[in-house]
Amino acid sequence: MPVIAIIGAQWGDEGKGKVVDLLAQKARVVVRFSGGDNAGHSVVNPYGEFGLHLVPSGIFSSQVVCIIGNGVVINPGVLIGEIEQLNQRGVDTSRLFISDRANLIMPYHILLDGLEEEARGGKALGTTRKGVGPAFADKAARLGIRTGDFLDREALLERLRSIIDYKNIILTKIYGVSPLSLDEVYAQYCQYAERLAPYIRETAIMLEEALSRGELVLLEGAQGTLLDPDFGTYPYTTSSSPLAGGGCLGAGLSPTRLTRILGVFKAYCTRVGGGPMPTELKDETGDLIRERAHEYGTTTGRPRRCGWFDAVAARFSTRINGFTGAAITRLDILDILPRLKICVAYQLDGQKIDYFPGNVAALARCQPVYEELPGWQAPTSDIRNYDQLPLEARQYVARLEELIACPVNLICVGPEREQTIHKTPIL
Ligand code: GDP
Ligand code: IMO
Ligand code: MG
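Residues numbered from 1 in each chain as written. Chains lettered and ligands numbered in written order. Predicted model: local features only at pLDDT ≥ 70, side-chain atom pairs only at ≥ 80, totals over all residues. Heavy atoms only, no water.

1. Comments concerning the overall build of the protein chain
Alright, step 1. A tally of helices and strands in the protein chain yields 12 helices and 20 strands.
Alright, step 2. Along the first, second and third principal axes, the C-alpha set of the protein chain runs to 65 × 50 × 40 Å.
Alright, step 3. Across the 427 residues in the protein chain, those meeting the buried criterion constitute 57%.
Alright, step 4. Counting contacts in the protein chain only where the partners sit at least 6 residues apart, residues at least 24 apart contribute 75% of the total.
Alright, step 5. Side-chain charges in the protein chain split into 45 positive and 49 negative, and the spacing between the mean points of these groups amounts to 3 Å. (Helix = DSSP H or I, 4+ residues; strand = E, 2+ residues; numbered from the N terminus. Buried < 20%, exposed > 50% of the residue type's maximum accessible area, 1.4 Å probe, protein only. Contact = heavy atoms within 4.5 Å. Lys, Arg positive; Asp, Glu negative; His and termini not counted. Charge placed at Lys NZ, Arg CZ, Asp CG, Glu CD.)

This is the structure:
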């Protein structure tokens with residue numbers, strides 16, 4: 001009954017989609033457990049190239065049951081669009097299921113995400129404006145509408161009526177925008193309900209049954225550890241927990257069930273949106289990485305901020321998640337660089353520190369202390385065996401392994417499934 005959680009170890013976009021698609025070939029269940037369609041998971045495989053936002057990246061393996069867990073907030077229109085696009089491209093989605101406990105993203109969440117960002121002015125968080133933050137806020141405030149509510153139209157109408165009245169006061173009185181029409185929102189959500197009802201299940205039971213049959217289950221993380229609302233760069237974070245602990249909650253699984261926790265790290269760092277990033281490169285090297293790696297968001301198309309590998313943050317991430325192993329992605333992007341830097345400590349207010357500060361203002365004052373390593377300046381995309389990597393590339397990976405304090409299981413050298421080096425077994 002092995003369960004492997006695949007967790008973003010940095011600021012998101014580490015390549016979780018690629019790793020899940022790869023490992024799903026041997027799995028029977030894949031569960032998305034957090035976030036919403038703020039996530040964008042790119043997968044390149046024999047079916048083509050895909051950018052998934054809600055559907056788990058295991059959907060391409062015909063034996064895999066894919067579950068959107070209770071911890072996800074679902075924009076039903078986006079999900080329906082994604083299912084239709086996959087079907088048009090020949091991908092079977094009949095093994096997709098949705099937890100009846102997942103909260104829905106409603107039109108007022110999307111409106112408020114944008115209005116709140118604009119109200120923050122220069123202090124905007126840089127959210128994806130998909131309504132994810134407001135939907136999780138409503139979940140905590142017990143003002144959410146859940147997928148299970150789709151199954152009872154009368155109850156849905158009653159619940160929507162009381163909530164929309166309250167939201168319309170905020171929209172009109174605080175932000176001075178037009179109110180939403182109860183009838184229109186209800187009619188639209190009834191259409192969504194019609195389309196999605198066949199997918200809705202008590203999915204935690206399905207998971208339990210799969211485990212009792214001894215099947216391999218993957219938990220697919222969204223976002224990254226440093227965007228966690230507790231342990232990330234608060235308030236420049238997302239609104240649900242991308243951590244391994246969040247995986248148990250968001251899938252409906254006991255923590256004792258986790259067999260392995262795989263941290264996915266890029267061979268360097270990127271971040272989209274606001275908030276401190278100590279190793280950010282605002283120079284030609286940063287631009288070079290961005291263009292070579294096409295570091296633009298899968299969800300919003302925004303340019304990603306690029307920088308050197310931050311081992312202080314990485315070690316923190318290993319500790320807080322309990323990574324049993326790591327996947328290092330995008331090693332090939334560094335192929336052309338003559339010298340590489342790794343941040344091994346921070347300089348904070350005249351003192352050298354080796355921990356990741358919890359206070360965002362302190363983190364913003366941290367200056368990286370770098371260690372330099374020689375680059376390999378040779379192509380790695382076609383390499384499949386660790387021993388065939390250039391010596392300097394092996395030295396770089398070995399140093400990362402030492403600093404992040406867990407064994408490297410996988411090294412990715414390109415976006416395609418096969419462009420992967422299996423360094424040590426995960427299980
Ligand atoms: P996710 O959100 O963690 O799933 O990551 P994204 O899909 O948003 O961003 C990762 C990007 O890197 C995608 O465009 C992937 O296709 C790509 N990718 C993943 N692994 C590798 C790799 O080893 N090399 C290269 N060149 N691209 C990769
Ligand atoms: P994947 O799963 C990268 C970032 C946003 C913003 C902050 C808050 O593809 O790794 P939100 O819309 O969640 O309220 O935005 O979080 N963010 C991500 N950055 N990858 C993601 O997901 C992200 N999901 C949210 O850019 O800075
Ligand atoms: Mg992404």
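2. A closer look at the site of ligand 2
Alright, step 1. Around ligand 2, a shell composed of 20 residues is seen, among which Asp13, Lys16, His41, Thr128 and Thr238 lie nearest.
Alright, step 2. In this structure, His41 approaches ligand 2 through a side-chain N or O atom, which is 2.7 Å from an oxygen atom.
Alright, step 3. A total of 550 Å² of accessible area belongs to ligand 2 in isolation, and the protein chains cover 98% of it.
Alright, step 4. Looking at the shell around ligand 2, its residues break down into six nonpolar, 11 polar and three charged. (Near = heavy atom within 4 Å. Polar contact = N/O pair within 3.5 Å; in protein donor to acceptor, adjacent residues only side chain to side chain. Areas by Shrake-Rupley, 256 points an atom, 1.4 Å probe, with all protein chains shown as cover. Nonpolar A, V, L, I, M, F, W, Y, C, P; charged D, E, K, R; others polar.)

3. Concerning the packing of helix H3 (residues 107–120) against helix H4 (residues 132–140)
Alright, step 1. H4 packs onto H3 with a crossing angle of 115° between their chain directions and a minimal axis gap of 7 Å. Crossing angle aside, the handedness with which H3 passes H4 is right-handed. On H4, the residues that touch Tyr108, His109, Leu112, Asp113 and Glu116 of H3 are Val132, Pro134, Ala135 and Asp138. (Axes fitted to C-alpha atoms, helices over the stretch in contact; angles between N-to-C directions. Left-handed = near helix turned anticlockwise from the far one by under 90°.)

4. With respect to the domain arrangement of the protein chain
Alright, step 1. Examined at the domain level, the protein chain breaks down into domain 1 (3–100 + 199–260), domain 2 (103–196) and domain 3 (265–422).
Alright, step 2. Placing a centre on the C-alpha atoms of domain 2 and another on those of domain 3 gives a separation of 37 Å.
Alright, step 3. In this complex, domain 2 contributes five residues to the contact, which on the side of domain 3 involves five residues.
Alright, step 4. For the domain 2 and domain 3 pair, buried surface summed over both sides reaches about 310 Å², with 50% attributable to carbon and sulfur atoms.
Alright, step 5. For the domain 2 face of the interface with domain 3, the top three residues by lost area are Gly126, Thr128 and Lys130, together amounting to 74%.
Alright, step 6. Applying the counting rule to domain 2 against domain 3 returns zero salt bridges. (Domains from an automatic or database assignment. Buried area = accessible area lost by both parts, 1.4 Å probe. Salt bridge = Lys/Arg side-chain N within 4 Å of Asp/Glu carboxyl O.)

5. Considerations on the side chain of Glu117
Alright, step 1. Relative to the elements of secondary structure, Glu117 occurs in helix H3.
Alright, step 2. Residue Glu117 is classed as buried on the basis of its relative accessible area, which comes to 3%.
Alright, step 3. When residues no more than four places from it in sequence are discounted, the contact partners of Glu117 are Ala124, Leu125, Gly126, Thr127 and Arg129.

6. With respect to helix H12 (residues 391–404)
Alright, step 1. Compared with the 20 Å implied by 1.5 Å per residue over 14 residues, the 20 Å span of H12 between its first and last C-alpha is a close match.
Alright, step 2. Of the positions making up H12, those classed as buried are Ala393, Tyr396, Val397, Leu400, Glu401, Leu403 and Ile404.
Alright, step 3. Downstream of H12 by a residue or two, Ala405 has a phi angle that is positive, lying close to 65°. (Expected span 1.5 Å × (residues − 1).)

7. Quick look at the coordination of the magnesium ion (ligand 3)
Alright, step 1. All of the protein donors around the magnesium ion (ligand 3) are Asp13 (OD) and Gly40 (O); their distances to the metal are 2.0 to 2.1 Å. Taken as a pair, Asp13 in the loop between strand S1 (3–8) and helix H1 (16–23) and Gly40 in the loop between strand S2 (29–32) and strand S3 (41–45) lie far apart in primary sequence, 27 residues in all.
Alright, step 2. Using a relative accessible area of 10% as the deciding quantity, one classes Gly40 as buried. (Donors = N, O, S within 2.8 Å, 3.2 Å for Na, K, Ca; no water.)

8. Some remarks on the site of ligand 1
Alright, step 1. Gly15, Lys16, Gly40, Ser42 and Asp332 are the nearest of the 19 residues found near ligand 1.
Alright, step 2. Within the backbone of Gly17, a nitrogen or oxygen atom sits 2.8 Å from an oxygen atom of ligand 1.
Alright, step 3. Taking Gly40, its main chain carries an N or O atom lying 2.8 Å from an oxygen atom of ligand 1.
Alright, step 4. For ligand 1, the accessible surface in isolation is 580 Å², of which the surrounding protein chains cover 92%.
Alright, step 5. Listing elements by their share of the shell around ligand 1, those giving two or more residues are H1 and S3.
Alright, step 6. Here the shell around ligand 1 gets three residues from one element, more than from any other, and that element is H1.

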